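Residue strings, one per chain:
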Amino acid sequence: MSLLRKRKTDSGSKHIMNVPMLDLRRYVPDALKNIETLNAAIVVLPKEENRELMVAYGSIPRKNVASEIYVENDSEIKFCNGFSEIDCAVCDENTVYFINGFAVIKNAAERTISVVFNGSIICENGAKINLIFCNGEAKYVDFKIKSVKHFSKNLTVDKDFIENIEDGTVVSCGNILTLPLDVTPDLLKSKKIYFFAGNTIKCAKRALGTVQTMSFAKDYKTLI
């Protein structure tokens with residue numbers, strides 16, 4: 001699927017405007033000659049030397065290009081928007097993952113994964129990640145990720161939930177994650193779990209320090 005939004009002028013010239021990513025690896029130099037303006041957050045260029053293409057690209061006026069990245073011509077680009085769970089045990093090493101949002105990456109210690117991300121990723125310590133470009137944060141857990149429990153909106157994780165959840169689980173939600181007052185530091189320390197919230201995590205004041213060591217959120221608030 002093409003991400004190009006082209007606008008032609010009367011003279012036949014083109015303006016490529018406001019696109020998140022523009023992949024130029026398979027373009028021929030002549031195709032770039034009539035482009036008068038290029039406005040893209042990320043431009044993908046061939047890793048293999050292509051002097052003519054680079055000269056043609058260099059002549060285009062560019063606006064708001066945050067990054068130019070170089071990717072091999074035979075690599076596939078896969079887009080992951082919103083929430084994604086990526087299992088490297090079954091992924092192709094010849095794929096570059098463009099993550100826009102939040103992703104949990106499993107089994108990356110066994111197989112290298114190439115990543116471009118805007119947002120947040122969670123993976124295991126020792127993960128083999130070829131980080132091509134990042135705008136956000138990567139968090140590493142000290143256990144093997146076995147499962148992921150994701151909820152699109154708000155989530156309350158109570159004592160029973162934590163006691164019965166499998167060790168090695170990442171628990172995430174898109175907005176506010178609440179740990180009620182009966183969730184104690186000792187209970188949290190007894191489990192190998194990690195929490196992620198798109199906005200806020202709420203918990204008891206006595207548990208805040210422990211929660212912060214095993215979670216990621218934009219903000220933390222304590223319950224009365």
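Residues numbered from 1 in each chain as written. Predicted model: local features only at pLDDT ≥ 70, side-chain atom pairs only at ≥ 80, totals over all residues. Heavy atoms only, no water.

Asker: Break down the pattern of salt bridges for me, with residues and values.
Answerer: Applying the stated criterion across every chain, the model contains seven salt bridges. Two residues, D23 and R25, come together in a salt bridge whose shortest N-O distance is 2.8 Å. Given a relative accessible area of 22%, D23 falls into the partly exposed group. R25 gets classed as buried once you look at its relative accessible area, which sits at 6%. (Salt bridge = Lys/Arg side-chain N within 4 Å of Asp/Glu carboxyl O. Buried < 20%, exposed > 50% of the residue type's maximum accessible area, 1.4 Å probe, protein only.)

Asker: I'd like a rundown of the environment of E76, residues and numbers included.
Answerer: On the secondary structure map, E76 appears in strand β6 (residues 76–87). Remark: the alpha-carbon pair of E76 and E93, spanning 17 residues in sequence, is separated by 9.6 Å. (Helix = DSSP H or I, 4+ residues; strand = E, 2+ residues; numbered from the N terminus.)

Asker: So what's going on with the sheet that holds strand β7 (residues 95–106)? Which residues, and what values?
Answerer: Taken in spatial order, the four strands of this open sheet run β6-β7-β8-β9, and their pairing is parallel. Looking along the sheet, the strands with just one partner apiece sit at the ends: β6 and β9 (129–141). The average undirected angle you get between the axes of adjacent strands in this sheet is 20°. The pairing of β6 with β7 spans twelve bridges and is classified as parallel. Paired with E85 across the two strands is V104, which belongs to β7. (Pairing = 2+ DSSP bridges. Axes fitted to C-alpha atoms, helices over the stretch in contact; angles between N-to-C directions.)

Asker: Can you break down unusual backbone geometry residue by residue, with the values?
Answerer: Here the phi dihedral of N64 falls at roughly 55°; this positive angle occurs in a residue that is not glycine. Inspection of the secondary structure assignment puts N64 in the loop between β4 (62–63) and β5 (67–71). A relative accessible area of 62% places N64 in the exposed class. One non-glycine residue, N107, adopts positive backbone phi at about 60°.

Asker: Before we move on, can you summarise the sheet that holds strand β15 (residues 200–204) with the specific residues and values?
Answerer: Reading across the sheet, the four strands line up as β11-β13-β15-β17 and stay open at both edges, with parallel pairing between neighbours. The outermost strands of the open sheet, each flanked by one partner alone, are β11 (155–156) and β17 (219–223). Relative to β15, strand β13 (residues 176–178) runs parallel, the two being bridged by three bridges. Looking at the pairing, L177 lines up with I201 of β15.

Asker: Could you give me a rundown of a negative patch on the surface, with the residues and numbers involved?
Answerer: Judged by side-chain charge, D158, D160, E163 and D182 come together as a negatively charged surface patch. By secondary structure assignment, the location of D182 is in the loop between β13 and α4 (185–189). Using a relative accessible area of 39% as the deciding quantity, one classes D182 as partly exposed. (Patch = residues over 30% accessible without salt bridge, like charges linked within 9 Å, V, L, I, M, F, W, Y side chains within 5 Å. Areas by Shrake-Rupley, 256 points an atom, 1.4 Å probe, with all protein chains shown as cover. Lys, Arg positive; Asp, Glu negative; His and termini not counted. Charge placed at Lys NZ, Arg CZ, Asp CG, Glu CD.)

Asker: Report on the side chain of S215, specifying residues and quantitative values.
Answerer: Within the secondary structure, S215 is located in strand β16 (residues 215–216). Within the structure, S215 has its side chain in polar contact with the side chain of Y220 (distance 2.8 Å). Residues within four places of S215 in sequence aside, it is in contact with Y194, F195, I201 and Y220. (Polar contact = N/O pair within 3.5 Å; in protein donor to acceptor, adjacent residues only side chain to side chain. Contact = heavy atoms within 4.5 Å.)

Asker: Outline the nonpolar core, listing residues and values.
Answerer: V157, I162, L177, L179, L188, F195 and I201 are the most contacted members of the largest nonpolar core, which totals 21 residues. Counting residues in each nonpolar core, the second largest holds 15 residues, with C80, A103, I105 and F117 among its members. (Core = buried A, V, L, I, M, F, W, Y, C linked by side-chain atoms within 4.5 Å.)

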